[in-house]
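Analysis of the macromolecular model
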Amino acid sequence: MILTAPLAALGRAVLDFLALVGRVTIFAAAALGHIVRPPFYGREFAVALLNIGWLSLPVVGLTAIFTGGALALQIYDGGSRFSAEAVVPQIVAIGMVRELGPVLVGLMVAARVTSSIAAEIATMKVTEQIDALTTLSTHPMKYLTAPRLLAALLVVPVLVGIGDIIGIYGGFVVGTRQLGFNPATYVRNTVDFLQASDVISSLIKGAAFGGIAAVMGCFYGMNSGRGAQGVGRATKASVQAAAVLILAANFLLTSLFFAS
């Protein structure tokens, strides 16, 4: 018994994890199904668009511009060791568009939006507002999850595109003001180096990361425990799960695009 106890604990942890994956998958599939079936709650969708999109712009913009500037400095410093300083515009552009832009926006959305969704829905559960929706013949998934998921799928790619542009601009400012690059040459190198496939992959990642952020917030909010501690645990778990899944999805999507 003493020797098998660790294996039993490991087995229980694996089974619990697989059960959680199954519940999240079923929840996500149900949420996607509710998106395409009426009724539609336009007001909830508009509020979600505002909260996820417009109100996330400041943190996305600040994160992107500082990251782009820091990336330009790091690439210039590394390139100078091989007399390759001229590649700064190209590497900043592809680094922001392919990887840093989508990932950073996804993580910022997870930190800001996923936590907000989880806390809001968990509080509604604690105060029995979700039970009231059911009593009024309103499906909670249809009213709470579907509008937020649809809004995230639509608006996070836009945030990623804006973040990419701002990040490239941050590299441009540092490159032209601090590193001595010619502005026209910097812009031309950036535009000539980027391809349509780079932009498309960035926007696809944005949609995937937005869906993950919304699903995790709604799932943990719907399944939160009772009381203030339950709300806190649901909020923390939703952000952790969203961040890990975004990074894992980024690796899988990058591998897919690289293979194609």
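Refer to the preceding data block for the structure.
This structure is a prediction, so every number in the text was calculated from the model and none was measured. Along every chain, residues carry numbers that run from 1 in the direction the sequence is written. Whole-chain, interface and lining totals are the exception, using all residues; otherwise, since this is a predicted model, local features are given only for residues with pLDDT of at least 70 and side-chain atom pairs are given and counted only at 80 or more. Calculation of side-chain values draws on the structure's entire complement of heavy atoms; hydrogens and water are dropped beforehand.

Each helix corresponds to a stretch of at least 4 residues labelled H or I by DSSP, and each strand to a stretch of at least 2 residues labelled E; elements are numbered beginning at the N terminus. Summing up its helical and strand segments, the protein chain has nine helices and zero strands in all. Helices and strands appear in the protein chain in the N-to-C order α-α-α-α-α-α-α-α-α. With the principal axes as the frame, the protein chain shows a C-alpha extent of 65 × 60 × 35 Å. Per-residue burial for the protein chain yields a buried fraction of 42% across its 260 residues. In this analysis, two residues are considered to be in contact whenever any of their non-hydrogen atoms come within 4.5 Å of each other. Contacts in the protein chain between residues at least 24 apart in sequence constitute 85% of all its contacts with a sequence separation of at least 6. Residue-level accessible areas treat just the shown protein chains as cover; the underlying method is Shrake-Rupley with a 1.4 Å probe. On the protein chain, roughly 13700 Å² of surface is accessible, and the fraction owed to carbon and sulfur atoms is 71%. For the protein chain, the distance from the average site of its 16 positive side-chain charges to the average site of its 11 negative ones is 7 Å. Throughout, exposure labels follow a simple rule: accessible area from a 1.4 Å probe, protein chains only, divided by the maximum for the residue type, with under 20% read as buried, over 50% as exposed, and the rest as partly exposed. The sign given to each residue is positive for Lys and Arg and negative for Asp and Glu; His and the chain ends receive no count. Where a charge sits is defined by one atom per residue type, namely NZ (Lys), CZ (Arg), CG (Asp) or CD (Glu).

Now for the layout of surface pockets. Site definitions follow a grid-based scheme: protein atoms alone, a 1 Å grid, a 1.4 Å probe that fits but cannot get out for cavities, and for pockets an open set with protein on both sides within 12 Å along at least five of seven lines, plus lining residues having an atom within 4 Å of a point. Grid points are joined across faces, edges and corners, and a volume is the space filled by probe spheres set on the points. Within this model, the largest pocket holds a volume of roughly 420 Å³. The set of elements that each furnish at least two residues to the lining of the largest pocket consists of helix 1 (5-35), helix 6 (140-177), helix 8 (196-222) and helix 9 (227-259). The element best represented in the lining of the largest pocket is helix 1, accounting for seven residues. Residue classes follow a fixed rule: Ala, Val, Leu, Ile, Met, Phe, Trp, Tyr, Cys and Pro count as nonpolar, while Asp, Glu, Lys and Arg count as charged, and any other residue, Gly among them, counts as polar. For the lining of the largest pocket, the per-class residue count stands at 14 nonpolar, two polar and no charged.

Time to look at helix 4 (residues 88-126). Roughly 55 degrees is the biggest bend found in helix 4, and it falls at Met96. Once helix 4 finishes, Glu128 follows within two positions and takes phi at roughly 65 degrees, a positive value. Take the seven residues that end at a residue and the seven that start at it, fit an axis to each, and the angle between those axes is the bend at that residue.

This next bit is on helix 3 (residues 57-80). In this model helix 3 runs 34 Å from its N-terminal to its C-terminal C-alpha over 24 residues, within 8% of the 34 Å that 1.5 Å per residue would give. Residues of helix 3 that are buried: Val60, Gly61, Ala64, Thr67, Gly68, Gly69, Leu71, Ala72, Ile75 and Gly79. In this structure, the buried side of helix 3 is in contact with helix 4 and helix 6. Given a helix with a known number of residues, its expected span is that number minus one, times 1.5 Å.

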